[in-house]
Amino acid sequence: MNTVIEKWDEILNIVKTEHDLSEVSFNTWLKPLKVYEVNGNVVTIIVPSEQVGLSYITKKYKLPLQVTISEVAGMDNCDVRFILPEDVPAKKTVSSGNSHTAQDIRCEEAHLNPKYTFDTFIVGSNNKFAQAAALAVAESPGEAYNPLFIYGGAGLGKTHLMHSIAHFIIEHNEKSKVLYVTSEEFTNELIETIRNGNNSAMTKFREKYRNIDVLLVDDIQFIIGKESTQEEFFHTFNSLHSAKKQIIISSDKPPKDMEILEERFRSRFEWGLIADITLPDYETRMAILHKKEEMDGYNINEEVIKYIANNIKSNIRELEGAFNKVMASAKLEQKDVTLELAEQALKDIISPDEKRVITPEYIISIVAEHYNVTTADLCGNKRSSKIVIPRQVAMYLCRELTSTPLKSIGKSLGNRDHTTIMHGIEKMEKEIITDSNLNNTIDILKKKINPQN
Ligand SMILES: Nc1ncnc2c1ncn2[C@@H]1O[C@H](COP(=O)(O)OP(=O)(O)OP(=O)(O)O)[C@@H](O)[C@H]1O
């Protein structure tokens, strides 16, 4: 790997320290910069398009970057050039791990998980129709079915399918503007915009959502009943739909069963195509576990795969979680992956009456996924706010949703002391009162963890 690419984080941090940049300046201007390529002494850097500051960055940071790159990478006369993602030749593959193709950047900007593609989506009888509908929409956005409404229970693959559509469109339509948001992000962004209270913030919000070609909104059920969000979404929907832009929505229920859904929404959601995802059958569960085994590079005793597939039936997220738990336990205990080990590792998850047991581990995994961090991050010692807040949210939810003693919650969260857990919970209790975004997020997480309530 090229030294500039390899040491890119270090280079940025040196510029930050030497120029005494505040966190906000660093996060706004430097952190989003990505090396596109290093060619001789020319380092080309991509400035994400949402940053208006190409000329500002050039004026302010070109020289500091040139000097630091020359020092750290030992390059003579380093010349830095900045480009925007749209100036990057499409699909150019760059071999280094840190370099980004134009497509990667568009996927990042659309908030997509790189693993959720049609290639990694296992098709079974439970999702065949939804997958075919998703592919049709991906191939002809705005033409085939608009909106596409996908519904199904928790952890059954709605998000995966939505991201697959978005990836496909980005790959096949160089110019398409694609945006995936959860309804929570939409709500929180709107709350923030309204709180700012100025017209230009609102105009910006509207421009962002109405100036795109494909909008994907996940878990729409969480905005139903929230009046101003609902109203704003209604206008966004109308504006995009009348311009023949593609809308894809997911929910836990079909429109006809959403009790407090107003008629104007119900009819709109039914304009296009409604596709459901139901529980996977045994063969599909086996296929998903085999795919996971292959992707993670394992070769596991078939009995163990069958044991997991036989016992976890109602949620693919839990199916994958059980698989991960067995593998983690084998690693920790340095043992082979046997049926006995799997039974032991999963004894808290697989209950005799097949009821879902809400354990701190389950809560931690849902919180981690929700905040796009790993469970290891939550259980580890990182102190950045990106990790600290989800960690405290996990503490709070473990306390609220289980009767686990503080000491055991601490144990599940990386052997933390019970006073740390208490402190985290108390902090969350106070913040929920004043921070409506956090309150909204906690509400959504509770529903995700325990959809029955
Ligand atoms: N058909 C499938 N093939 C492969 N993996 C799948 C499939 N369906 C779901 N998964 C995996 O299961 C996990 C949960 O799926 P996903 O997040 O898409 O569920 P969801 O229906 O959106 O859940 P929620 O309603 O709770 O948000 C993901 O890791 C996803 O990759």
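You'll find the protein entered in an unreviewed UniProt entry as Chromosomal replication initiator protein DnaA, with Blautia ammoniilytica given as the organism. The UniProt entry for the protein carries the following comment under Subunit (unreviewed entry): "Oligomerizes as a right-handed, spiral filament on DNA at oriC." Turning to the protein, the UniProt annotation filed under Subcellular location (unreviewed entry) states: "Cytoplasm".

Draft legend 1. Here's a closer look at the overall build of the protein. The number of helices and strands found in the protein is 21 helices and 8 strands. Looking at the protein as a whole, 48% of its 453 residues are labelled buried. Of all intrachain contacts in the protein linking residues separated by at least 6 positions in sequence, the fraction that spans at least 24 positions is 71%. In the form shown here, the protein has an accessible surface area of approximately 22800 Å², with 49% of it arising from carbon and sulfur atoms.

Draft legend 2. The arrangement of the confidence of the model for the protein in detail. Taken over all residues, the pLDDT of the protein has a mean of 88, while the share at 70 or more is 94%. Taken element by element, the predicted model of the protein shows its lowest mean pLDDT in helix H5 (residues 102-109) (80) and its highest in strand E7 (residues 246-251) (97). Below pLDDT 50 for its whole length, residues 91-99 participates in 19 contacts with residues either more than four positions away or in separate chains. Scored by ipTM, the complex comes to 0.98, with pTM at 0.68.

Draft legend 3. Just the packing of helix H8 (residues 183-196) against helix H10 (residues 227-242), in detail. Across the interface, H8 lies against H10 with an axial gap of 10 Å and an inter-helix angle of 105°. On the basis of the axis angle, H8 is roughly perpendicular to H10. Between H8 and H10, the residues in contact are Phe 186, Thr 187, Leu 190 and Ile 194 and Ser 228, Thr 229, Glu 232, Phe 233 and Thr 236, respectively. Of the residues belonging to the contact of H8 with H10, the class tally is 4 nonpolar, 4 polar and 1 charged.

Draft legend 4. Region of interest: the packing of aromatic side chains. Enumeration according to the criterion identifies 13 aromatic pairs in this entry. An angle of 40° between the planes, with centres 5.3 Å apart, marks the rings of Phe 149 and Phe 269 as tilted. Of the two residues, Phe 149 is situated in strand E4 (residues 148-152) and Phe 269 in helix H11 (residues 263-269); the sequence distance between them amounts to 120 residues. The exposure class assigned to Phe 149 is buried, which follows from its relative accessible area of 0%. Accessibility expressed as a relative area gives 0% for Phe 269, which makes it buried. A connected cluster of aromatic rings, assembled from ring pairs, spans Phe 149, Phe 186, Phe 205, Tyr 209, Phe 233, Phe 234, Phe 237, Phe 265, Phe 269 and Trp 271.

Draft legend 5. Quick look at the pattern of salt bridges. Scanning all chains against the criterion turns up 20 salt bridges. The salt bridge involving Glu 333 is made with Lys 335; its shortest N-O contact spans 3.1 Å. One salt-bridge network, held together by shared partners, links Lys 62, Asp 79 and Arg 81.

Draft legend 6. Molecular detail of the sheet that holds strand E8 (residues 273-277). Reading across from one edge, E5-E6-E7-E4-E8 is the order of the 5 strands in this open sheet, with parallel pairing throughout. The open sheet has two edge strands, strand E5 (178-182) and E8, and neither has a second partner. For this sheet the average axis-to-axis angle between neighbouring strands, irrespective of direction, equals 15°. Summarising the sheet, E5 and strand E6 (residues 214-218) pair through 5 bridges and their orientation is parallel. Within the sheet, the bridge partner assigned to Val 181 lies in E6 and is Val 217. Seen against the sheet, helix H6 (residues 128-139) touches E4, E7 and E8 and runs at an angle of roughly 135° to E8.

Draft legend 7. Spotlight on the nonpolar core. Within the largest apolar cluster, 52 residues are counted, with the highest numbers of intra-cluster contacts made by Leu 148, Ile 165, Leu 216, Ile 248, Ile 308 and Val 326. With near-sequence residues (within four places) excluded, Ile 165 lies in contact with Phe 118, Ala 134, Val 137, Ala 138, Leu 148, Leu 216 and Ile 248. Counting residues in hydrophobic clusters, the runner-up holds 26 residues, among them Ile 363, Ile 366, Ala 368 and Leu 413.

Draft legend 8. Structural detail: the side chain of Glu 293. Here Glu 293 is to be found in helix H12 (residues 282-295). Each residue touching Glu 293, except ones within four places of it in the same chain, is listed here: Tyr 298, Asn 299, Ile 300, Ile 305 and Phe 323.

Draft legend 9. Spotlight on the UniProt feature "binding site: ATP" (unreviewed entry) in the protein. With numbering aligned to this structure, UniProt lists the feature "binding site: ATP" (unreviewed entry) at Gly 155, Gly 157, Lys 158 and Thr 159. Owing to a relative accessible area of 18%, Gly 157 belongs among the buried residues under this scheme. Take Thr 159: it is sitting in helix H7 (residues 158-172). Overall, Thr 159 belongs to the partly exposed group, its relative accessible area being 25%. Apart from the residues lying within four places of it in its own chain, the contact partners of Thr 159 are Tyr 116, Tyr 180 and Asp 218.

Draft legend 10. Layout of the environment of Ala 345. Counting through the fold element by element, Ala 345 comes out in helix H15 (residues 339-345). With 20 residues separating them in the primary sequence, Ala 345 and Lys 325 have C-alpha atoms 6.7 Å apart. Beyond its immediate chain neighbours, meaning those up to four positions away, Ala 345 contacts Lys 325, Val 326 and Ser 329.

What counts, and where the lines are drawn
- Residues numbered from 1 in each chain as written.
- Predicted model: local features only at pLDDT ≥ 70, side-chain atom pairs only at ≥ 80, totals over all residues.
- Heavy atoms only, no water.
- UniProt positions renumbered as here; feature names shortened; annotations may be inferred.
- Helix = DSSP H or I, 4+ residues; strand = E, 2+ residues; numbered from the N terminus.
- Buried < 20%, exposed > 50% of the residue type's maximum accessible area, 1.4 Å probe, protein only.
- Contact = heavy atoms within 4.5 Å.
- Areas by Shrake-Rupley, 256 points an atom, 1.4 Å probe, with all protein chains shown as cover.
- pLDDT = per-residue confidence, 0-100.
- Axes fitted to C-alpha atoms, helices over the stretch in contact; angles between N-to-C directions.
- Parallel < 35°, antiparallel > 145°, perpendicular 65-115°, else oblique.
- Nonpolar A, V, L, I, M, F, W, Y, C, P; charged D, E, K, R; others polar.
- Phe/Tyr/Trp six-rings, centres within 6.5 Å; stacked < 30°, edge-to-face > 60°.
- Salt bridge = Lys/Arg side-chain N within 4 Å of Asp/Glu carboxyl O.
- Pairing = 2+ DSSP bridges.
- Core = buried A, V, L, I, M, F, W, Y, C linked by side-chain atoms within 4.5 Å.

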